[in-house]
Every structure is written in C-alpha cells, then in structure tokens.
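# Structural overview for review
Residue strings, one per chain:
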Amino acid sequence: MLSCLSPAKVNLFLRIIRRRPDGYHELASLFQTIDLCDTIHFEIAERDSLQCTDPSLPTDQTNLVNKAVALFRQNTGLNTYFDIRLDKKIPQQAGLGGGSSNAATTLWALNELTGRPASLQQLVDWGGALGSDVAFFLSEGSAYCTGRGEVIRSVGPLPPKKLIIVKPSQGLSTPQVYGQVKAEMLEQRDPEQALRNFMDGRPLYFNDLEEPAFKVMPELADLKRQLLNGGFETVLMSGSGSSFFCIGNGKVPSTMSLQCYSVSFINRTPSGWYS
Ligand code: C5P
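The structure reproduced in this document is the subject of the present report. This one's a predicted model, so the numbers in the text were calculated from it and none came from an experiment. (Residues numbered from 1 in each chain as written. Predicted model: local features only at pLDDT ≥ 70, side-chain atom pairs only at ≥ 80, totals over all residues. Heavy atoms only, no water.)

Pairing in this open sheet of four strands is antiparallel, and the strands run β9-β10-β7-β11 from one edge to the other. Sheet topology places β9 (234-237) and β11 (258-264) at the edges, where each strand pairs with a single neighbour. Taken pair by pair, the neighbouring strands of this sheet meet at an average axis angle of 25 degrees, ignoring direction. Pairing geometry for strand β7 (residues 162-168) and strand β10 (residues 244-247), over three bridges, is antiparallel. Counterpart to valine 166 in the pairing with β10 is phenylalanine 244. (Pairing = 2+ DSSP bridges. Helix = DSSP H or I, 4+ residues; strand = E, 2+ residues; numbered from the N terminus. Axes fitted to C-alpha atoms, helices over the stretch in contact; angles between N-to-C directions.)

All residues adjacent to the ligand are Gly23, Tyr24, His25, Leu27, Gly131, Ser132, Arg148, Thr174, Pro175 and Tyr178. Contact distances for the ligand include 2.7 Å between a nitrogen atom and a backbone N or O atom of histidine 25. Bound to the protein, the ligand loses 74% of the 450 Å² it would expose on its own. Counting only elements with at least two residues in the shell around the ligand, the list comes to β2 (25-45) and α4 (174-178). Broken down by element, the residue count for the shell around the ligand peaks at three residues, all from α4. (Near = heavy atom within 4 Å. Polar contact = N/O pair within 3.5 Å; in protein donor to acceptor, adjacent residues only side chain to side chain. Areas by Shrake-Rupley, 256 points an atom, 1.4 Å probe, with all protein chains shown as cover.)

For the rest of this paragraph, the subject is the packing of aromatic side chains. Within the structure shown, the criterion is met by eleven aromatic pairs. Measuring from ring centre to ring centre gives 5.8 Å for phenylalanine 13 and phenylalanine 198, while their planes differ by 40 degrees; the resulting arrangement is tilted. Taken as a pair, phenylalanine 13 in strand β1 (residues 2-19) and phenylalanine 198 in helix α5 (residues 191-199) lie far apart in primary sequence, 185 residues in all. Here phenylalanine 13 and phenylalanine 198 have matching classes, each one buried. Their ring planes at 90 degrees and their centres at 5.3 Å tell us that phenylalanine 198 and tyrosine 205 sit as a pair that is edge-to-face. Here phenylalanine 198 and tyrosine 205 have matching classes, each one buried. Cluster of aromatic residues (ring-pair linked, three or more members): Phe13, Tyr144, Phe198, Tyr205, Phe206 and Phe245. Here the guanidinium or amino end of arginine 148 rests over the ring plane of tyrosine 24, the centre of that ring lying 5.0 Å away. Arginine 189 extends its terminal NZ or CZ atom over the ring of phenylalanine 206, reaching a point 4.1 Å from the ring centre. (Phe/Tyr/Trp six-rings, centres within 6.5 Å; stacked < 30°, edge-to-face > 60°. Buried < 20%, exposed > 50% of the residue type's maximum accessible area, 1.4 Å probe, protein only. Lys NZ or Arg CZ within 6 Å of the ring centre and 35° of its normal.)

Listed below in structure tokens is the structure:
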C-alpha cells in the first residue's frame, strides 16, 4: 500500500489576461502548496474501487481521482486496477484546488505503484488534460503558472509564511465565477513584475477573480472587510473562492459559520512526494 498526502494550494497572486476563444481564461498566477492536506491510500487490486470519508463527494466517474486512474491506464496501456481510499480534509468549492490535487497525487502514486512507466513530464502533460490546476500539483509546490494554469514554471521554495485560511460555509462554482469576469474590470498589472517582486521579498497580493466572486456571492466582500477590520495585514481570496487566506495577526469574526485553518507553505523534494 502507498499512502500519499494531497495538499491544498493558494494563489498568492492571480491575474486574468483574457478570455480565450475556447471559453477558458488565460491567466498568470503564483501558486503555492500549503500543509492543509487530504491523505490518499492506494493499493493494487482485482478491480477499481474508490471510497471517501466525505459522503457528499461523489465516488463515480465524475470524481477526478477516477478520471486520473482511467487516463493513467489508457496512456500507459497497463491493465492494473486500484483500491483507493480518500481521507478528505480540504474543503470543496473553496479555491484551494482539492480535487485537482487529488488527481495529481493519483497520477504520481499510480506511477510509483506500477514501476514508473511514465516520466514526470508525461504526468504533467496528462494532468493538464484532467483540469487546469492539476499540472501545478506535480511541481515541487511553488510555481508561476500561465496558459489555462497548466503551463508551469517552478520558482523554487518561497520564504516560509504562516496563513490563516477562512472558508465560509457556502462554496463557489469555478465556472460561475469565471462567467462574471469582464474584460473592462481587469487591471493591466504586469504578472512577471509581480513575480519579481515576490522573489525580491516585496510581495503584492492580488486576485482578479475576487470582484467576479463578490458579484456571485456579495457576502464575501463583507467577510473580507471584517477580516481586514479584525487586524489582518493581507486578506485575499484564493483561486475562484470562496476561501480567503489571511496574513498577520488578526481576529476571525466568531459570529459567522466559518471554518478556519492555520497553515504554512510546504514543498516537496525533487525525488519525493509531499510528507
Ligand atoms: O480546467 P477546470 O476543469 O478546472 O476548469 C473548470 C472551469 O473553470 C472551466 O470549465 C472554465 O469555465 C473555468 N476556467 C476558465 N479559465 C481557466 C480555468 C478554468 O475559464 N484558466
């Protein structure tokens, strides 16, 4: 049996460049994995099965873990089947990449269990076909991502940072948030400059999906205001929401039904998985 952590991510900045003819959005974003993790147990078996500790998560072919298994078998030509147990900790519809991370972890683990028939680059390419964020989770945990998000440039570990993740009970649908992006709303910030600022220790946190998300769920704008009033230095939505990450010393309002997680950045070594 092989047990692997499957980490969540935050987007330290996320710039939307344009809407593409295929309906996706071209973006430029600095992604970072954090130590809020699911755990997935993999075993070679007679037939496929997927079990999940969260009963609200479908375990049928719509689950990205099952999609990753099918793609791995198709692309390697192997006839191997897997018993998979998913211990879910990462909240869903939170902008934390839980499903994409599970898919990437599955590709990695299946490759290990079957004697590495694929190279890491092949796994990255296959990941891009499963979802825009999947390829990132096969990086070492800090990457500047472009295209739909699937073109990854590793940037090396970033200086350590502690964050508080705040997730309202209601989640957000990624397509619905992207659907609210209006070209005229986008600021013309240079993402390469933003990356240089981060690497020089002068980080500027921004997310072009915040305003579209606030249109879908106006309470989120209030929550951000309350978190800033509570003393946090930086409060930014991650991905397409609905969670925020907060930096500094602040108070999370106790009146709302919020899930909070105290987290740090994590990275994996070039040869190993997250531990
Ligand atoms: O690639 P993924 O399946 O994660 O994308 C989910 C949805 O999010 C897409 O169908 C699209 O509506 C939106 N999306 C987008 N531009 C991206 C990534 C996602 O418009 N770069």
